[in-house]
Amino acid sequence: MVTGRGPIERVVRLWLPVGFFLVLALFPFYWMAITSFKPNSELYNRHVMPLVLHHPTLKHYIDLLTQTSFLTWTWNTMLVAVVSTAISLVLGVMLAYPLARMRFAGAGLIAMTVAAIYLVPQPLLFIPLADLINRLGLGNTLTAVILTYPTMLVPFSAWLLLGYFKTVPMELEEAARIDGASRLQTMRRIFLPLCTPGFISAGIFAFTLSQNEFLYALIFLTKTSVRTVPVGVIAELIRGDVFYWGQLMAGALLGSIPVAIIYSFFVEHYVAGLTAGSVKG
Amino acid sequence: MTLRSEPVFAFARPRGRVSIGSWLDRQSVFSWLMMAPPLLFLAALVGYPFCYGILLSLQYRPVAHPGTFVGLKNFATNFHDPIFWRVALNTFVYTAVATLLKMVGGLALALAMNQQFPLKNLVRALLLLPFIVPTVLSTVAWMWILDPAFSVLNWVLVLVGVPKPGPSWLGNPILAMVSIIAINTWRGLPFYGITLLAGLQTVPPELYEAATIDGASGWQRFRYVTLPLLQPIILIVTLFSVIFTFADFQLVYVLTHGGPQNATQLFATYAFDIAMGAGQLGLGASIALTMLPALALLIVALTIYLRRG
């Protein structure tokens with residue numbers, strides 16, 4: 001593009017807009033963080049400049065960890081996210097591999113159906129699902145969400161993996177077939193080991209989606225002992241009209257950290273998945 | 001180049017007879033057997049609830065009671081319910097305005113980021129944070145930013161001359177709608193921005209050079225080179241975003257619960273209130289299903305487009 005810009009033009013065209021978007025994106029997290037370290041005397045005092053921290057304290061964190069079930073919720077959230085991500089990757093591969101590699105009647109229709117299911121938003125299904133889960137006697141069990149999260153994650157992983165699988169060259173599989181490997185062996189021992197980046201992308205996405213899920217967890221999990229972090233924070237840190245803002249912010253920050261850490265390790269895979277999922281199917 | 005005399009693999013195919021193994025090795029048999037478990041799973045937990053939801057919408061069905069078939073009565077009830085029409089209008093406004101803001105803002109973000117500068121990858125990672133962090137948790141932070149008594153936003157507004165105590169963001173019907181639209185935009189903008197950035201990076205620099213040589217201005221390069229090439233990605237991202245904004249639940253449920261006076265009630269939150277709050281599963285299902293025609297149209301459009309793309 002055009003080169004040789006002056007420093008002022010660079011500020012106007014680059015740093016000003018980028019800085020604006022950065023402040024906009026990060027301010028709520030900054031606010032979350034400093035609020036969680038403020039003592040109540042500072043939090044609810046209108047005469048103190050609110051944007052900085054004057055007397056940091058860990059009180060809200062200590063209260064959150066000792067007086068609420070936050071650690072249980074965190075454990076539940078992790079367990080549900082890991083198990084439903086694993087289920088979704090396995091079932092997703094089972095859908096995506098034949099669609100990417102085999103020729104059979106109906107393949108096009110199945111691929112379209114998977115894409116369509118991936119786009120069905122939860123609010124269309126939650127009422128009948130709630131009734132179904134009740135009839136199965138799964139209310140207030142983690143099984144309820146471990147079973148229902150993959151309804152969003154399987155089509156999603158299948159779609160993302162399908163896109164990735166198509167970019168993997170076929171020669172190795174053909175060689176394995178000529179050497180006498182069965183289709184299953186070819187898939188498991190030759191093909192799947194080549195697809196680790198695709199699995200990481202789909203896995204990160206599925207993991208963040210399950211950490212983010214709220215509606216099913218809200219409906220199916222009404223006991224403290226089985227709640228996930230988003231539902232626990234909303235249902236139990238807001239007691240009636242009383243808001244424990246310090247604890248709420250501490251909980252929101254701690255609840256965001258696992259996702260943020262995992263994301264920070266795999267940003268490139270995440271971005272690859274983000275663009276693959278929407279740009280090219 | 002080497003000539004192999006022996007198979008590398010130990011698992012040679014059995015020869016000489018038509019075995020189960022060779023039947024299983026047919027493309028169609030292998031494919032359908034492989035796909036059967038995920039397809040059955042989706043049929044049981046998506047297909048069945050979907051059909052059951054349609055049945056529920058035709059029933060009078062209080063929670064914990066058997067349903068009785070009432071035909072289209074629930075839909076008629078909705079038709080005569082002023083709140084229902086308010087909800088329809090809210091959902092439309094919310095989706096349209098938030099989508100437009102995300103599209104324009106996302107494009108601006110992508111254009112700003114499509115330059116060379118130090119720490120670019122770090123900046124990109126940070127910009128995506130609103131999209132990564134669980135919505136409920138970031139919405140709680142926004143709730144505190146907009147708090148009636150201790151809003152930091154109002155603290156700043158008062159500082160620049162707005163009369164004390166500043167606007168009641170979540171208590172005023174119009175400002176509450178402005179708030180949920182703003183937060184939805186805040187959360188969804190990085191998705192647009194980063195996806196469009198990926199699209200921008202695929203535009204060949206030669207095209208810009210050619211346009212510059214032909215005397216095109218910056219705006220003309222954007223209008224006649226960038227936009228046409230980005231158009232397919234913009235369309236896909238927008239369809240995605242419209243589907244999930246239209247059916248949004250968690251942001252509104254957490255921030256306003258649909259209030260004040262249903263001013264921010266959307267289809268999803270209203271269906272939730274009727275089905276889970278009031279215990280009317282049939283009526284709630286009929287409200288949720290009202291989203292179906294619009295959603296079906298969008299989903300079919302996007303599915304066809306993705307297949308072609």
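This structure is a prediction, so every number in the text was calculated from the model and none was measured.

Definitions and cut-offs
- Residues numbered from 1 in each chain as written.
- Chains lettered and ligands numbered in written order.
- Predicted model: local features only at pLDDT ≥ 70, side-chain atom pairs only at ≥ 80, totals over all residues.
- Contact = placed C-beta atoms within 7 Å.
- Nonpolar A, V, L, I, M, F, W, Y, C, P; charged D, E, K, R; others polar.
- Axes fitted to C-alpha atoms, helices over the stretch in contact; angles between N-to-C directions.
- Helix = DSSP H or I, 4+ residues; strand = E, 2+ residues; numbered from the N terminus.
- Parallel < 35°, antiparallel > 145°, perpendicular 65-115°, else oblique.
- pLDDT = per-residue confidence, 0-100.
- Buried ≥ 20, exposed ≤ 12 C-beta atoms within 10 Å, placed from the backbone.

Right, let's get into the interface of chain B and chain A. Residue-level contacts link 89 residues of chain B with 80 residues of chain A. When the residues that make up the side of chain B that touches chain A are grouped by side-chain class, the tally is 71 nonpolar, 15 polar and three charged.

What follows covers the packing of helix H1 (residues 7-37) of chain A against helix H7 (residues 135-145) of chain B. The interhelical angle for the contact between H1 of chain A and H7 of chain B, taken along N-to-C directions, is 80°, at an axis separation of 9 Å. With respect to H7 of chain B, the axis of H1 of chain A lies roughly perpendicular. Here H1 of chain A contributes Pro28, Trp31, Met32 and Thr35 of chain A to the contact with H7 of chain B, which in turn contributes Ser138, Ala141, Trp142, Trp144 and Ile145 of chain B. Split by residue class, the contact of H1 of chain A with H7 of chain B holds seven nonpolar, two polar and no charged.

Once that is clear, we can look at the confidence of the model for chain A. Of all residues in chain A, 95% have pLDDT values of 70 or greater, and the mean over the chain is 88. Per-element confidence in chain A ranges from a low mean pLDDT of 69 for helix H14 (residues 267-279) of chain A to a high of 95 for helix H4 (residues 70-101) of chain A.

Peptide bonds are mostly trans, and most non-glycine residues show a negative phi. Residue and element names in this part refer to chain B. Cis geometry marks the peptide bond from Lys164 to Pro165, where omega comes out at -5°. Tracing the backbone through its elements, the reader meets Pro165 in the loop between helix H8 (152-159) and helix H9 (173-200). Backbone geometry at Leu119 places phi at a positive 60°, although glycine is not the residue there. Turning to its location among the elements, Leu119 is positioned in the loop between helix H4 (82-113) and helix H5 (120-127). For Leu119, a count of 9 C-beta atoms within 10 Å gives the class exposed. Unlike most non-glycine residues, His257 shows phi in positive territory, near 55°. Mapping His257 onto the fold places it in the loop between helix H12 (250-255) and helix H13 (267-277). Residue classification places His257 among the partly exposed residues on the basis of 16 C-beta atoms within 10 Å.

It is worth spelling out the confidence of the model for chain B at this point. Residues and elements named next belong to chain B. Per-residue pLDDT for chain B averages 88, and the proportion of residues at 70 or more is 94%. The spread of mean pLDDT over the elements of chain B runs between helix H1 (residues 20-24), the lowest at 82, and H4, the highest at 95. Confidence drops under pLDDT 50 across residues 1-8; counting only partners more than four residues distant or on other chains, this segment forms four contacts. In the model output, the complex is listed with pTM 0.89 alongside ipTM 0.90.

Residues and elements named next belong to chain B. The topology assignment puts Pro167 in the loop between H8 and H9. Considered as a pair, Pro167 and Leu146 are 21 residues apart in the sequence and their alpha carbons are 9.3 Å apart. Among all residues touching Pro167, those that are not within four sequence positions of it are Asn154, Asn172 and Leu175.

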